[in-house]
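# Observations on the model geometry
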Amino acid sequence: MLVLLFKNFIRSKGTKIGLLFLLLIGFLSLLIGKQFQEKQQHTIAEAIHYQQEHIARNAAFHKDEMGLLLYYIKFSLVNKTVPVNSLAIGQRDVNPSVQSVTIRGLEAQQYDAELNNPNNLLSGNIDFSFVLVYLFPLLIIAFTYNIISEEKESGTWKIVATQSQNTFLYILKLFYIRILSLIVLLSLVLIAAVLFLSIPIDQSFLAFYGLGILYLLFWFAVCFYIVSLQKNSNFNAVLLLTIWLFLIIVLPATINTYIVSQYPVPEALELTLKQRNAYHEKWDMDKKITIDKFYSHYPQFKNYPLPETEFSWLWYYAMQQAGDDDSSVQSKELQSKLKQRNEASAFIALFIPTLHTQLQLNEIAKSDLENQLLFLKATRQFHEKLRLHFYPKIFGNEAVNQQKWGQFKVETFEDTSAVKLSKAFLPLFLFNLFFIVLGWRNFRNHKLQTF
């Protein structure tokens, strides 16, 4: 019986077209993931080559003043890209994965990003997470909306009911065939991803795969419940497409609007202007005020007195530091609001399976907002380490040629936060169970009737 049902299902031209179309779109998403992967690798390789060449060229040209040299030299920090990121690009297409900074004011540098075509950013990337979250459910709806009603409307359901000892078991077999087909399709695309994108079969990949299966099962559970209402095909199709539209587009957009209004974030441009204005106004202030603030921030440098000259690098970098200090309130506010947005989104998403799945896929791929916040924090620590290393050399007027410039390599930040499998899987599992139980109760309480 099961083999016969599978042959009848796969024999349909619509089924073949649907599966082939989704398979091709899946492979296309892998190509996009490959392009993203190559772009990331190229950017990192360029950063490594540029920093070596950049430091050597400037050290040879500005060999008389350490302060002047370090005005120009940039040092890079890389946000490590995990292989599974190619399947869920997330925010990595708008947030830089390489941050290059001088030891001057940080706030004017850390929000620099690559120039991108706004139209491309608006349309986004058709990565595999997009295919999984948006397109797989449409095929599930197409395969299941008329799983019973079609036979009732064609008048063949009575024959099925008389030939089958248990009509409910017959319906479960129909769903089983469709579930198995979509899971096989998902598996084929991910196996291709392992081979094509060189993704290791590690915990991140298995979590991604497991979350994908649970997400497919969620949509099958929703379809199972709608079918259990025993309405006609038109009603089922319209209701399921409405649910898809609501969960995929309307509800996430509404939640995004709510979060943006509830947690307004100060513009990074405003923060940059605040830092620059705070720095520039120091040119017209008493130098002692600036220096005293600097000594208050870094008491370990009090043994470097302010030279009796019109200009000194001690005073200049003290002004740069003052710019960061004066804009620290806005900087902390920005970080706090972004963190609040991230936490609010994650909490609300626990009750919206589609949004939860998208956020968790990004979290597994280290392409979510939390990863970006950790990278910004690491950039701040990286910048502070550079300052503490070079300030004594600048203030002590050490010779440029005495420094071992070759030791300054591009550093890498690695997000080591672990994926909480219970947080990722449990909400979807509970939603699946909820709709399956509702559907089962409907089938149990109402006999399968003909229209």
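- Looking up the protein chain in an unreviewed UniProt entry gives the name ABC-2 type transport system permease protein, with the organism given as Flavobacterium circumlabens.

### Here's the deal with the overall build of the protein chain
- Along the backbone of the protein chain there are 17 helices and 3 strands.
- For the protein chain, with 451 residues in total, the buried portion stands at 47%.
- Considering only residue pairs separated by 6 or more positions, the protein chain has 83% of its internal contacts joining residues 24 or more positions apart.
- Of the roughly 23,200 Å² of accessible surface on the protein chain, 61% is carried by carbon and sulfur atoms.

### Looking at the pattern of salt bridges
- Taken as a whole and judged by the stated rule, the model has 6 salt bridges.
- Between Glu414 and Lys80 there is a salt bridge, and its shortest N-O distance comes to 3.6 Å. On the criterion of sequence distance, the pair formed by Glu414 in the loop between β3 (411–413) and α17 (421–445) and Lys80 in the loop between β1 (75–79) and β2 (98–101) is long-range, its members being 334 residues apart.
- For Lys80, a relative accessible area of 39% gives the class partly exposed.
- Taking the shortest distance from any N to any O, the salt bridge between Lys393 and Glu398 comes out at 3.8 Å.
- The exposure class assigned to Lys393 is buried, which follows from its relative accessible area of 16%.
- When its relative accessible area of 31% is taken as the criterion, Glu398 is described as partly exposed.

### Overview of the side chain of His383
- By the element assignment, His383 lies in helix α16 (residues 369–395).
- Judged by its relative accessible area of 2%, His383 falls in the buried class.
- In terms of polar contacts, His383 uses its side chain to reach the backbone carbonyl oxygen of Arg104, at 2.7 Å.
- Beyond its immediate chain neighbours, meaning those up to four positions away, His383 contacts Val101, Thr102, Ile103, Arg104, Leu106, Gln109 and Asp324.

Conventions adopted
- Residues numbered from 1 in each chain as written.
- Predicted model: local features only at pLDDT ≥ 70, side-chain atom pairs only at ≥ 80, totals over all residues.
- Heavy atoms only, no water.
- Helix = DSSP H or I, 4+ residues; strand = E, 2+ residues; numbered from the N terminus.
- Buried < 20%, exposed > 50% of the residue type's maximum accessible area, 1.4 Å probe, protein only.
- Contact = heavy atoms within 4.5 Å.
- Areas by Shrake-Rupley, 256 points an atom, 1.4 Å probe, with all protein chains shown as cover.
- Salt bridge = Lys/Arg side-chain N within 4 Å of Asp/Glu carboxyl O.
- Polar contact = N/O pair within 3.5 Å; in protein donor to acceptor, adjacent residues only side chain to side chain.

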